[in-house]
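Okay, here's what each chain looks like letter by letter:
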Amino acid sequence: MNELTEQNQALLAEKVEYQNKEKTLSGREKSLESRENVKLPVRRIFYPLVNRLIAEARPGRKYTRTKIQEEFLRELDSFPELKSAVRDALHTPQKAKNNTPFELAGWAMEEIRLALGEYAQTSPGRDRES
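Residues numbered from 1 in each chain as written. Predicted model: local features only at pLDDT ≥ 70, side-chain atom pairs only at ≥ 80, totals over all residues. Heavy atoms only, no water.

The next thing to look at is the overall build of the protein. When its secondary structure is counted, the protein shows five helices and zero strands. Counted from the first residue to the last, the protein has its helices and strands arranged as α-α-α-α-α. Each of the 130 residues in the protein was classed as buried or not, and the buried ones make up 26%. Here the contacts in the protein between residues at least 6 apart in sequence split such that 68% fall between residues at least 24 apart. Surface summary for the protein: the accessible area is close to 9200 Å², and the carbon and sulfur share equals 53%. (Helix = DSSP H or I, 4+ residues; strand = E, 2+ residues; numbered from the N terminus. Buried < 20%, exposed > 50% of the residue type's maximum accessible area, 1.4 Å probe, protein only. Contact = heavy atoms within 4.5 Å. Areas by Shrake-Rupley, 256 points an atom, 1.4 Å probe, with all protein chains shown as cover.)

Here it is in structure tokens:
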């Protein structure tokens, strides 16, 4: 009987833990959805940019981070109505400090490099055009 009582106590504690996780899950899902929605204006720039870069790529061409950044800024100029939303989506305190609001870093650079696939330079180190 004592053993069953102890198991019951352990299960009750586990139940409370799962109930707490369930309560926070809905909040996390909303947060995730919100973060994804913030990225949409950036992706509206990325899609035509990636298509253009792939179409213009020469055999063996690897786009460096520097070249991707330059092309992103050029493409962004084609969508002036998205500039403030893109600035907000890419905002970090470091970018604000350096006054580089449209710098692709972190998730943004990684996303565009993944979309470019074999056309993106992925080796570490300094940028080099091939």
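That covers the picture; the talk isn't over yet.
A word on the nonpolar core. Grouped together as the largest cluster of nonpolar side chains are 23 residues, with contacts concentrated most on F72, V86 and L104. Broken down by secondary-structure element, the contributors of at least two residues to this core are α1 (2-56), α2 (65-77), α3 (83-90) and α5 (107-116). Ranked by residue count, the leading element in this core is α1, at six residues. When residues no more than four places from it in sequence are discounted, the contact partners of V86 are P41, V42, I45, F72, L76 and F102. (Core = buried A, V, L, I, M, F, W, Y, C linked by side-chain atoms within 4.5 Å.)

Two numbers describe how α2 lies on α3: the axes approach to 10 Å, and their chain directions differ by 145 degrees. By crossing handedness, the relation of α2 to α3 is classed as right-handed. Counting all contacts with α2, which are made through F72, L76 and D77, the residues of α3 involved are K83, V86 and L90. The residue inventory of the contact of α2 with α3, partitioned by class, reads four nonpolar, no polar and two charged. (Axes fitted to C-alpha atoms, helices over the stretch in contact; angles between N-to-C directions. Left-handed = near helix turned anticlockwise from the far one by under 90°. Nonpolar A, V, L, I, M, F, W, Y, C, P; charged D, E, K, R; others polar.)

Our next topic: the pattern of salt bridges. Here the structure, examined in full by the defined rule, presents eight salt bridges. Note that R52 is salt-bridged to E75, the shortest N-O span being 3.3 Å. Here the residue R52 occupies a position in helix α1, and E75 occupies one in helix α2, the gap between them amounting to 23 residues. Ionic pairing is found between E71 and K67, a salt bridge with its closest N-O pair at 3.2 Å. With a gap of four residues between them, E71 and K67 both fall in helix α2, about one helical turn apart. Connected through salt bridges with shared partners, the residues R52, E56, K67, E71, R74 and E75 form a single ionic network. (Salt bridge = Lys/Arg side-chain N within 4 Å of Asp/Glu carboxyl O.)

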